[in-house]
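Topology and contacts: notes
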Amino acid sequence: MRGFTTRALGGRREDLGDAAPVAPAIHPAATYAFEDPEVLADLIRRGKDVGYVYTRWHNPTRDLLERLMAELEGGERAVSFSSGMAAIVTTFAALAGSSDHVVASPSLYGGSFSTLSKLLPRWGVEVTFAESHRVDEMLAPVRPETKLVYTETIGNPTLQVPDLEALGSGCRERGVPLVVDNTFASPYLCRPLELGAAVVVHSTTKYLGGHSDLTGGIAVGDDELLHEVREMSVDLGGTANAWESWLTMRGIETLALRMDRHVENARALAGLLEGHPAVARVWYPGLPSHPDREVAERILRAPGGMISFELAGGLESGRRFQQSLEVALVGPSLGSTKTLVVHPPTVTHTQMTKEQREALGITDGFVRVSTGIEDAEDILEDFRQALEKA
Ligand code: PLP
């Protein structure tokens, strides 16, 4: 098989006779016209997953993105969405319904946690939370009504790395699909489908788009499950548009290059934070102090660009630290070319109570960093001077 970037760059040519454009076309058409009305009637008879009829069902630019992501994640098929949350909620709705049961890690993006803890129970789905990096504890609640087990490759924001191989084989033995949010790792660092997951979801807003200039999501997996996801996506309507599908493909071309740089900068920054007197604790899967280091080494190509740390001085110290940053930007989201610093207790994890947050280690002094691709020394110097003022 060819290397990751070669595959990320290839296979999206259109046939224009003698010439082939090196960038794909953007097809904005919302609907399609037919010379022969019988052809249209036949497509409608065959269902929403066949042919170009209406863009909420299928769109040529979006289809290219879906084929590319299926290839990069090692899945049979993909369905793309207008946001990561649309991908996640639609996947849940496709796989679980009234009287069903779901097991999920509590160490998740706040929006996913609130969907699982509030929305799914309203739909009649019972959800049991169990930490995915303790594989036995996560598999224990699985029962005949369990329709999916859900985790993130690198948990948000405490960066746990569950053993997806063990979890995947446990789920397979029990006949339950393992659904993995691979946003923090990207298919360059981890391919959960090869480790035993049945479906992978992403917020393409993050590393795949890569430049904080689009919002999107995608689900990838086997043909049968993704057919269900596609049908549900047509009804729920959160499908991706052509322009953002195109931008996502452009981002993916440089994913590996950016990711290598994110990792290089994150390793250097984690080294600076660990042992700094203003810092009480650092979470980075590449540090020997990380509890899941061994699993991270086994299932990830590299430990990623995300770092979390706790400031010894708590909330006030966190405020001073953020106000003192000059290069890094203070704001939510991640996977951008620019370093982004966020305070999860007041921004990304407000859906949890203080008790729920603290049970997961998200204390008042907790800070999450999405390391960008700036020159490493500038980021290190910025953090040094801001930590001094923290
Ligand atoms: N999954 C993870 C791990 C995230 O961090 C986020 C957003 O921050 C999402 C999903 C939701 O993605 P979106 O904002 O594109 O809806």
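This section reports on the structure supplied with the text.

Analysis parameters
Residues numbered from 1 in each chain as written. Predicted model: local features only at pLDDT ≥ 70, side-chain atom pairs only at ≥ 80, totals over all residues. Heavy atoms only, no water. Helix = DSSP H or I, 4+ residues; strand = E, 2+ residues; numbered from the N terminus. Rg over C-alpha atoms; globule rule 2.2 N^0.38 Å. Buried < 20%, exposed > 50% of the residue type's maximum accessible area, 1.4 Å probe, protein only. Contact = heavy atoms within 4.5 Å. Areas by Shrake-Rupley, 256 points an atom, 1.4 Å probe, with all protein chains shown as cover. Lys, Arg positive; Asp, Glu negative; His and termini not counted. Charge placed at Lys NZ, Arg CZ, Asp CG, Glu CD. Phe/Tyr/Trp six-rings, centres within 6.5 Å; stacked < 30°, edge-to-face > 60°. Lys NZ or Arg CZ within 6 Å of the ring centre and 35° of its normal. Near = heavy atom within 4 Å. Polar contact = N/O pair within 3.5 Å; in protein donor to acceptor, adjacent residues only side chain to side chain. 1 Å grid on protein atoms, 1.4 Å probe; cavity = no way out; pocket = protein on both sides within 12 Å on 5 of 7 lines; lining within 4 Å. Sits in = over half its atoms within 2 Å of the grid points. Nonpolar A, V, L, I, M, F, W, Y, C, P; charged D, E, K, R; others polar.

**A short note on the overall build of the chain**
- From N to C terminus, the chain includes 16 helices and twelve strands.
- For 390 residues, the compact-globule estimate of 2.2 N^0.38 gives 21 Å, and the chain sits close to it at 21 Å.
- For the chain, the spread of C-alpha atoms along the principal axes amounts to about 75 × 55 × 35 Å.
- A burial count over the chain gives 58% of its 390 residues as buried.
- Sequence separation of 24 or more characterises 73% of the internal contacts of the chain that already satisfy a separation of 6 or more.
- Accessible surface, the chain: about 15,900 Å² in total, of which carbon and sulfur atoms supply 51%.
- On the chain, the mean spot of the 37 positive side-chain charges and the mean spot of the 53 negative ones are 2 Å from each other.

**A look at the packing of aromatic side chains**
- Applying the stated criterion across every chain yields a total of eight aromatic pairs.
- The interplanar angle of 45° and the centroid separation of 5.0 Å between the aromatic rings of W283 and F366 together place this pair among those described as tilted. Here W283 is found in strand β8 (residues 279-283), whereas its partner F366 is found in strand β12 (residues 366-370), with 83 residues between them in sequence.
- Among the aromatic side chains, those forming a connected cluster through ring pairs are F309, F321 and F383.
- Sitting above the plane of the Y109 ring, K206 keeps its charged end 6.0 Å from the centroid.

**Regarding the site of the ligand**
- Not every one of the 15 residues close to the ligand is listed here, only the nearest: M85, D181, S203, T205 and K206.
- Interatomic distance of 2.8 Å between a backbone N/O atom of G84 and an oxygen atom of the ligand.
- Contact distances for the ligand include 2.8 Å between an oxygen atom and a backbone N or O atom of M85.
- In the complex, 89% of the free accessible area of the ligand, which totals 390 Å², lies under the protein chains.
- For the ligand, the cavity whose grid points lie within 2 Å of the majority of its atoms is the largest pocket.
- Top contributing element to the shell around the ligand by residue count: helix α4 (residues 84-95), with three residues.
- Of the residues that constitute the shell around the ligand, the class distribution is five nonpolar, seven polar and three charged.

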